[in-house]
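# Examination of the molecular architecture
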Amino acid sequence: VAERFFQRALAINRAQRNLKEIATNLNNLCLYRGNTEEKLSFIQEAITINKNLDAQWSLGENYNNMGKQYYYDKQYSKALEALHKAYEYAHNIGARELICDNYEYSSMVYAAIGDYAQAQAGLHGFRIEWSDVGVADDEGAPSRVERAGDLTCSLKQKGVDQHLVRLGCLDIKRVHGPAFRRS
């Protein structure tokens, strides 16, 4: 359902030649699983636009979503490359929300390839980044804490140390669910 609205918004913004919003719509179309090839072409277009606009935050978000799309397609080395670029952009501008997303996605990739020590390191970074940024999610979206909890439980089932189950929730109440840009 959301994807149809993002497609409509994209068509409107293309008609108006609003580059910033076009890039935002393209990025938002890549938040979830789907046709990987199509979504990667959307992300590439968003990256081209955002480079021309020098939109550093948006570039960090684009590369995070590119990494997530490669993860969905089980192209783990490409996912890690994209996530490394995302981290660089986010770190250079101090974008903690993007860094937190990056830790979460990197942990998913490392868990998928069986590198549980790196997955644990990512979750630890995730907890630290959000320890003082708790924001209630009044829209009912799954919180990052809940998603991290799901990931830690998944990792535990695969033999990762018991203390991982506690990592995501020590200092955090609830925080926003999947980030998408509204402007």
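Placed above this text is the structure.
As a starting point, this report considers the structure included with it. (Residues numbered from 1 in each chain as written. Predicted model: local features only at pLDDT ≥ 70, side-chain atom pairs only at ≥ 80, totals over all residues. Heavy atoms only, no water.)

Let's shift gears to the overall build of the chain. Scanning the chain from N- to C-terminus turns up eight helices and zero strands. Starting at the N terminus and ending at the C terminus, the chain contains elements arranged as α-α-α-α-α-α-α-α. Sequence separation of 24 or more characterises 64% of the internal contacts of the chain that already satisfy a separation of 6 or more. (Helix = DSSP H or I, 4+ residues; strand = E, 2+ residues; numbered from the N terminus. Contact = heavy atoms within 4.5 Å.)

Taken as a whole and judged by the stated rule, the model has two salt bridges. Among the ionic pairs, Lys39 bridges to Glu3, the shortest N-O distance being 3.4 Å. Of this pair, Lys39 sits in helix 3 (residues 36-53) while Glu3 sits in helix 1 (residues 2-16); the two residues are 36 residues apart in sequence, bridging distant segments of the chain. (Salt bridge = Lys/Arg side-chain N within 4 Å of Asp/Glu carboxyl O.)

Below, the discussion takes up unusual backbone geometry. Within the chain, Arg17 stands out as a residue other than glycine whose phi angle is a positive 55°. Here Arg17 lies in the loop between helix 1 and helix 2 (19-28). Take Arg17: its relative accessible area is 72%, and that puts it in the exposed class. Notably, Asp54 is not glycine yet its phi reads approximately 55°, a positive angle. Looking at Asp54, the relative accessible area reads 56%, which means it is exposed. (Buried < 20%, exposed > 50% of the residue type's maximum accessible area, 1.4 Å probe, protein only.)

Right, let's get into the packing of aromatic side chains. By the definition in use, this model includes four aromatic pairs. Measuring from ring centre to ring centre gives 5.8 Å for Tyr71 and Tyr72, while their planes differ by 55°; the resulting arrangement is tilted. Linked through ring pairs, Tyr71, Tyr72 and Tyr76 together constitute an aromatic cluster. (Phe/Tyr/Trp six-rings, centres within 6.5 Å; stacked < 30°, edge-to-face > 60°.)

In terms of burial, helix 2 is a largely internal element, eight of the 10 residues being buried. Looking at helix 2, one finds that the buried residues are Glu21, Ile22, Ala23, Thr24, Asn25, Leu26, Asn27 and Asn28. In this fold, the buried residues of helix 2 make contact with helix 1, helix 3 and helix 4 (56-72).

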